[in-house]
Amino acid sequence: MTEQGIGASPRRKEDFRFIKGRGKYTDDITLNNQTYAVIVRSPHAHATINDIDASAALSAEGVVSVLTSEDFAAYGGLPCGWQVIGKNEEPMIEPKHPILAEGKVRHVGDPVAVVIAETKAQAQAAAELVDVDYTELPAVIDMREALGSKPASVHDEAGDNQCFDWEIGDRAAVDAAFEKAHHVTRLELINNRLVPNAMEPRCAIGDYDNSSGEHTLYTTSQNPHVIRLLMGAFVLQIPEHKLRIYAPDVGGGFGSKIYHYAEEAIMTVAAKVIGRPVKWTSDRSEAFLSDAHARDHITTVELALDQDGKFLALREFTIANMGAYLSTFAPSIPTYLHATLLAGQYTTPVIYAEVKAAFTNTVPVDAYRGAGRPEATYLLERIVDKAAAEMGMDPVAIRRKNFIQPDQFPYDTPVALTYDTGDFEATLSAGLKASNWDSFEERRKEAASRGKLRGIGISCYIEACGIAPSNVAGALGARAGLYECATVRVNPTGSIQVLTGSHSHGQGHETSFAQIVSEKLGMPIEQIEIVHGDTNKIPFGMGTYGSRSMAVGGVALSNATDKIINKATKIAAHLMEASSEDVVFENGMFKVAGTDKEVAFGDVALTAYVPHNYPLEELEPGLEETAFYDPKNFTFPSGTYVCEVEIDPDTGMVDIVAFHATDDFGNVINPMIVEGQVHGGLVQGIGQALFENAVYDSNGQLVSGSYMDYQMPRAYDVPFFSIDHQVTACTHNVLGVKGCGEAGAIGSPPAVINAIVNALKDYGVDHIDMPATPAKIWKAIHGGMKQAAE
C-alpha cells in the first residue's frame, strides 16, 4: 500500500470543488437561448381527460409553447428494463407508460401537459391557466383492495390489477417441513413506503442541433448510457449516436436517479419541437409526486423450527406495490433482488416465496438504497428474533445455531444464490464485543432507575451486490447487460485519464478509482483524472447502483490498468534492450532484474507517443487500454449491527443511545470513504425504522407530500456510530472487494425494531411496524398495561 493507494484514506479529491461551491450540477447549466418548462400534473389519482384547453396559457406573457400527449404521439412509451415471468410461465402485464398522460391519468402527479416560457416564473404562471377537464374515476390505493374481488382497474390490460404472481423455491418441500416442525413462528409486517429525497432535486435540459440532428440531454442520472439506450432505442427511436446524455455532478441518488423518467423524454422532444433548449427543474413538492417511491410491501412470513431451534423452512407471501406504472427496474426489486436473499446468513434447508405485484393509483415504486435486500433482511431478522422469544432462546444463540460455517463455502442457498465466502461468526463476535452486549442488563437497570425503558436489538444481514453475470441476469428478465468498462488513457507526459462507465454521485470515485491506478502505477492521485457522466466521452457502461461501482467498475479499471502495464513493460524492455520477461515494474519504475538498468513510467509514456525508438513491428504507438468486466457472480457483503434504544413510556419517544456496525466488505480501497457510506446508510435505515412514511388517503392524495408531514432523520436523531470491519476477500474478482454503499440501510431497520421490541417485552409487545412513531409505541405500551390490568 502506498500513502495514496489501496487501503489508504487520502482526502477526497472532489471535495475541494464541492466545499468551495464549484460543483457543476445540471441546474447550474444555462444554455444559450434557453427556455424553461413547468409540467402540469394531475390533481386526481384516477380520471379520464376529456379536454385540455391551453389557449389562455398560450396567450400569457412569455409563453413559447404548450405541449400535450398529441405532440408525443410519434414516440414510444417509457420502457421497463426488467421482465418478470410468473407462475405457469405467465409474463408480467406491462401496460404502456406514456410520456404525457394519454386519455387518462393514473396517479396524483401524472404529467398531463408541459408549458414552456422564457422564464420559469412565466411558465409557472401560465401553467395555472391550462384548463384540463377531468372526469374522476374510482381509485385503488390499498394493495390488498387492488387484488380483491371487485377492484377498480388501474389499467384495462390488468383488470384485476395484478402485474405478476411470481414464486421461487420448492413449495411442496417447504410445506412438508412445516408439517413436521416442532414450532412455527408467524409474523405479519409492513415494509413502509418511502420517498427518496436526494439532496439535489431532479433536473433535465433538452437541446437539439438542427444541423446535425443530434439531441443532447443534460440530466441528473446515475447511469447515462442506460438512459441513452432506453430513450434512444425505445422512446425517440433514433440511432444512439444521435443522442448524447450528460450527467455532470449529481447531488445524491440512492437509486432514485437510475430510472428513465418522463421529464427526460419531455425535455428532449420539446427542444426539437420549439428549436431551443428547454430546462425543467423539480422543486421538492413536485419531487414527492414525480420521483419513484420505494419499498411498500405487505408480508406474511413463517419460520419452521425443530425442538433445538434449528431452522427447517421459511415461507413468505408478499404483496408488492408497483404503483401506477412499471418504473425501469421495478419488477426485479421484490423478486430477484429480494426473495433470493431470504436465506440470509443461515442454513435454512428449504425456502419458498410468493410475490404478487399490484398496480395502484399511486406514484410508481422502484429501487432505493438496498432495493429488495432491506425488505428481505427486515422480514428475516424480525422473524428470527420473534422465534427466539417464543422458544425462550437467546437471540444471539439462535443465530449462532443456524449460521453457515466458514468451511461450508462456497454455499448454495435454496433460493438460487451461491455465496462464495464469509465468516458470520467473526462479524457477530466482533459486533457483540464492540457493543458491550454482555453487560447490557446493567444498562437496562440503570435506565429503569431513570424511568426509561431500554432495549437492545441485533441484525445479521447479507446482501448481494454487483448484479451478475449478464447472461444469468438476462435469463431472469434483465433487458440490459450488467458488465462495466473502463478506459485508461496515459498522456504523453505520463499523467492519466480514466474514462469510466460508472457514475459518481457522492461515492467518491474520483478518489477511490484514482487510488487503484495509484497503487498499480505508483503515481500520485493528483495526476489521475477520473472522467464520467458524458456518453460522448466515456465507453459504454452501465452506471452506478446496487453497490456495484468498485466490485464491477473498479475491477474493470484494474484490468485496464494491468493492460497498460503489460504494454508499457514491452516498451520499456525495448528501451533497455532486454527481454520483457526480465523486466519488473515497481513504484513507477521499470527495471531489468539483476541489473541497474531502469526507465521511468513517464519516459515510457513519452516513447509510446513519440515512437522514434519503438518496436513498431510488434506494438502500435500510444498507451491507452480498455477493459470490460462482467462478474462471474454477485458479491456478498455481510455484517452484524447492534442497536440500543431508550424509550420514554410517558411519550413513546425513542432515543437511539448506541449503534454499532461490524461489516465485512472484503478488501477496502479507502476506509474513510467506506465509513462515510456506512454512516449514510445507517441514517437512512434509521429514518425508515422510526420516521419516514409515504401516506395516501383513500382518494389517492399524498398526505405526506412535504417535510411538514414526511419526517426525515436529523443529526440529533442519530447517535455517534461505532464502526469496524472484518475481512473475507471476495474470491472471484482481482480486488477482493464486495461493495459497501447499501449495507447500512439494509442491516439497520431490523436492529432498531428488534431493540424497540426488546424494550417493550414486559408489555407483551412482540412486533411493531415501521415507522415506530411515538404514537405507535405509546399505544403499544398502554395497550399492554391495559391487558395486564385486565
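Procedures and definitions
- Residues numbered from 1 in each chain as written.
- Predicted model: local features only at pLDDT ≥ 70, side-chain atom pairs only at ≥ 80, totals over all residues.
- Heavy atoms only, no water.
- Pairing = 2+ DSSP bridges.
- Helix = DSSP H or I, 4+ residues; strand = E, 2+ residues; numbered from the N terminus.
- Axes fitted to C-alpha atoms, helices over the stretch in contact; angles between N-to-C directions.
- Disulfide = S-S within 2.5 Å.
- Buried < 20%, exposed > 50% of the residue type's maximum accessible area, 1.4 Å probe, protein only.
- Core = buried A, V, L, I, M, F, W, Y, C linked by side-chain atoms within 4.5 Å.
- Contact = heavy atoms within 4.5 Å.
- Polar contact = N/O pair within 3.5 Å; in protein donor to acceptor, adjacent residues only side chain to side chain.

Colleague: With reference to specific residues and values, describe the sheet that holds strand E6 (residues 131-136).
Modeller: Spatially, the 3 strands line up as an open sheet ordered E4-E2-E6, and their pairing is antiparallel. One side of each edge strand has no neighbouring strand; the edge strands of this open sheet are strand E4 (104-105) and E6.

Colleague: So what's going on with the sheet that holds strand E28 (residues 721-725)? Which residues, and what values?
Modeller: Taken in spatial order, the 4 strands make up an open sheet running E18-E26-E27-E28, and their pairing is mixed. Both outer strands of the open sheet, strand E18 (453-462) and E28, are each paired with one neighbouring strand and no more. Looking at each pair of strands side by side, their axes are set apart by 10° on average, direction ignored. Strand direction decides the pairing type here: E18 and strand E26 (residues 638-647), joined by 10 bridges, are antiparallel.

Colleague: So what about the state of the cysteines? Which residues, and what values?
Modeller: Applying the stated rule across the entire model yields 0 disulfides. Note on Cys 163: no disulfide assigned, nearest cysteine sulfur contributed by Cys 80 at a separation of 7.7 Å. In this structure Cys 643 is not part of a disulfide, and its nearest cysteine sulfur, from Cys 460, lies 14 Å away. Given the relative accessible area of 0%, Cys 643 is considered buried.

Colleague: Give a detailed account of the side chain of Thr 427, specifying residues and quantitative values.
Modeller: Of note, Thr 427 is situated in helix H11 (residues 424-434). The exposure class of Thr 427 is buried, given its relative accessible area of 0%.

Colleague: So what's going on with the nonpolar core? Residues and values would help.
Modeller: Ranked by size, the top nonpolar core spans 125 residues in total, and within it Ile 647, Phe 659, Leu 690 and Ile 756 carry the most contacts. If we skip the residues at most four places from it in the chain, Phe 659 touches Tyr 641, Val 642, Cys 643, Leu 682, Ile 686, Pro 719, Phe 720, Phe 721, Ser 722, Ser 748, Ala 751 and Val 752. By size, the runner-up hydrophobic cluster in this structure holds 45 residues, among which are Met 576, Val 592, Ala 608 and Leu 623.

Colleague: Residues and numbers for the side chain of Gln 515, please.
Modeller: Among the secondary structure elements, Gln 515 is positioned in helix H14 (residues 509-521). Residue Gln 515 is classed as buried on the basis of its relative accessible area of 0%. One polar contact links Gln 515 to Asn 670, side chain to side chain, over a distance of 2.7 Å.

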